[in-house]
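What the coordinates show
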Amino acid sequence: MPSQPSIRPSDPRFSCGPTRKRPGWELPALGTGSLGRSHRASLPKQRLGEAIERAGAILEIPADYRVIITPASDTGAFEAAMWCMLGARGADVFSWDAFGDRWLKDAQNELKLPDLRVFHAPYGGLPDLSQAEPARDILFTWNATAAGLKVPHADWISDKREGLTFCDATSAAFAMDLPWDKLDVTSFSWQKCLGGEAQHGMIVLSPRARARLRDWRPAWPVPGIFSLFDAANEQSAMFEGSTINTPSLLATEDFLDALRWAAREGGLSGLIARSQANLAVLEAWVERTPWIDFVAQDTALRSNTSVTLKFAGPGTADFDDEALRALTKRMTQLLEREGAALDILPYPKAPPGLRIWCGPTIDADDLAALCPWLDWAYEEARG
């Protein structure tokens, strides 16, 4: 049985959302001049516009695309897009974890799309993406946060498509290279790869997406909190930071701080490199550790942000699902008690195991310090 490690991660927070703040984050670093003011006043509106501009620059979004801020994090952003823009064509929904399933349920049970095709895969694999038809709208997650799987590329999306692509990129944006020419409606939140506060989402709209907003009105009612139709106007104030509802200016200042840090880290390429280095630490540990394995067996599909692990090897071969979940619970309790790791339980519907955030705000040294603690907790929990 391994002895208790002597070195702990300098920061034990490895939650997959909300995620750890950037290295060196301190509350006094946030600007306060906009706080307590109307979000329509010049300074707060300038700060919201700056958040859009800086995010677009870091993500290398094309000049003819537009970015808007929405309420209710990534969920609000993606559902607003669904409510406002679906129904003009048949839709293909590709789902392989809990969040893709959520969009599927919206399409089936709430919007009741009459022409809907469903492509689903269990945890550990992707559905057949080649089934996507260019004439239809396509809905998918770029990185399935609960399953730890990402799409490896966008070659399956036609350059000559007539429908729109709706991409939930909340745990991919700022840590993966998104091919904007294949994406029409892309949503993400502030609380994932940059460690922002959980409050707002963003939607990136291609010219084709804005044309849909201009030319199409769905049959169902669209609540005002979801309404994106003003973004059809090429001079819309939404592109400058005007929001559907009152935004949190403190959350905005926090996001701006994260974006400035991202620029200092080298922009998108620097953020991707940090996340890939983090994944490499866990890959090396899994390679030498017989009791653990990745849910994503195919390395091309393996997430470099929400790393999802399952139990393996003879030590748990005779464990049923209940026993494996009990083992996970004991391990995480031990790790939290020792201050070595917080919030690494898997998503409730995912296979029993561990889920460890490896996004850009995590330091590889902390992951290297974590690995011996995982070995220790496994043996302690089994004992």
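A few points on the structure. (Residues numbered from 1 in each chain as written. Predicted model: local features only at pLDDT ≥ 70, side-chain atom pairs only at ≥ 80, totals over all residues. Heavy atoms only, no water.)

**Some words on the packing of helix α2 (residues 73-85) against helix α3 (residues 98-110)**
Packing of α2 against α3 leaves a shortest axis separation of 11 Å and a crossing angle of 35°. Considering only the axes of α2 and α3, their crossing is right-handed. Where α2 approaches α3, its residues Asp74, Thr75, Phe78, Glu79, Met82 and Trp83 are matched on the opposing element by Arg102, Trp103, Asp106, Ala107 and Glu110. Here the residues of the contact of α2 with α3 sort into 5 nonpolar, 1 polar and 5 charged. (Axes fitted to C-alpha atoms, helices over the stretch in contact; angles between N-to-C directions. Helix = DSSP H or I, 4+ residues; strand = E, 2+ residues; numbered from the N terminus. Left-handed = near helix turned anticlockwise from the far one by under 90°. Contact = heavy atoms within 4.5 Å. Nonpolar A, V, L, I, M, F, W, Y, C, P; charged D, E, K, R; others polar.)

**Notes on the packing of aromatic side chains**
Within this structure, the stated rule accounts for 15 aromatic pairs. Seen from their ring centres, Trp190 and Phe255 are 4.4 Å apart, and the 5° between their planes marks the pair as stacked. Highlighted residues: Trp190 in the loop between β8 (185-189) and β9 (200-205) and Phe255 in helix α5 (residues 249-264), separated in sequence by 65 residues. The same class applies to Trp190 as to Phe255, namely buried. One aromatic cluster is present, built from ring pairs that chain together Phe94, Phe119, Phe140, Trp142 and Trp156. The ring of Phe239 has Arg66 lying over it, and the distance from NZ or CZ to the ring centre is 6.0 Å. The aromatic ring of Phe294 is capped on one face by Arg302, whose charged end is 3.7 Å from the ring centroid. (Phe/Tyr/Trp six-rings, centres within 6.5 Å; stacked < 30°, edge-to-face > 60°. Buried < 20%, exposed > 50% of the residue type's maximum accessible area, 1.4 Å probe, protein only. Lys NZ or Arg CZ within 6 Å of the ring centre and 35° of its normal.)

**Notes on the environment of Ala341**
With respect to the secondary-structure elements, Ala341 resides in the loop between α7 (321-337) and β12 (353-357). Each C-alpha atom of the pair Ala341 and Phe14 lies 6.6 Å from the other, and the pair is 327 residues apart in sequence. In this structure Ala341 touches Pro12, Phe14, Leu335, Glu336 and Leu370, once residues within four positions along its chain are discounted.

**Remarks on the sheet that holds strand β3 (residues 116-120)**
Backbone-to-backbone hydrogen bonds pair the strands of a sheet. The strands run either parallel or antiparallel. Overall, mixed pairing links the 7 strands, which are arranged β1-β9-β8-β7-β4-β2-β3 in an open sheet. At either end of the open sheet lies a strand with only one pairing partner, and these are β1 (66-71) and β3. On average, adjacent strands in this sheet sit at an angle of 15° to one another, irrespective of strand direction. Inspection of the sheet shows strand β7 (residues 165-168) paired to β8 by 3 bridges, in the parallel sense. (Pairing = 2+ DSSP bridges.)

**Overview of the nonpolar core**
If you look at the biggest cluster of nonpolar residues, it comprises 88 residues, and the most contacted ones within it are Trp96, Phe140, Trp142 and Phe174. Ranked by the residues each element gives to this core, the list is headed by helix α8 (residues 364-382), at 9 residues. In this structure, Leu139, Leu164, Met238 and Phe239 belong to the second largest nonpolar core, which totals 33 residues. (Core = buried A, V, L, I, M, F, W, Y, C linked by side-chain atoms within 4.5 Å.)

**Comments concerning the packing of helix α6 (residues 267-288) against α8**
Contact pair α6 / α8: the axes reach a minimum separation of 9 Å and the direction vectors enclose 25°. When the axes of α6 and α8 are compared, the pair comes out roughly parallel. Remark: the crossing between α6 and α8 carries right-handed chirality. Across the interface between the two elements, Asn278, Val281, Leu282, Trp285 and Arg288 from α6 touch Ala364, Leu367, Ala368, Cys371, Leu374 and Asp375 from α8. Along the lines of polarity and charge, the residues of the contact of α6 with α8 split into 8 nonpolar, 1 polar and 2 charged. (Parallel < 35°, antiparallel > 145°, perpendicular 65-115°, else oblique.)

**Brief notes about the environment of Leu126**
By secondary structure assignment, the location of Leu126 is in the loop between β3 and β4 (137-141). Sequence-wise, Leu126 and Met85 are 41 residues apart; in three dimensions their C-alpha atoms are separated by 25 Å. The residues touching Leu126, leaving out its near neighbours within four places in the chain, are Trp96, Ala121, Leu149, Lys150, Val151, Pro152 and Leu301.

**Focus: the pattern of salt bridges**
Side chains that differ in sign of charge can pair as their charged atoms come close. In this structure the tally under the stated criterion is 27 salt bridges. The shortest N-O distance in the salt bridge between Arg20 and Asp11 comes to 3.8 Å. Across the pair, Asp11 and Arg20 agree in class, each one buried. Between Arg214 and Asp215 there is a salt bridge, with the nearest N and O atoms lying 3.2 Å from each other. Owing to a relative accessible area of 57%, Asp215 belongs among the exposed residues under this scheme. A cluster of three or more residues bridged by salt bridges with shared partners is formed by Asp92, Asp115, Arg117, Glu133 and Arg136. (Salt bridge = Lys/Arg side-chain N within 4 Å of Asp/Glu carboxyl O.)

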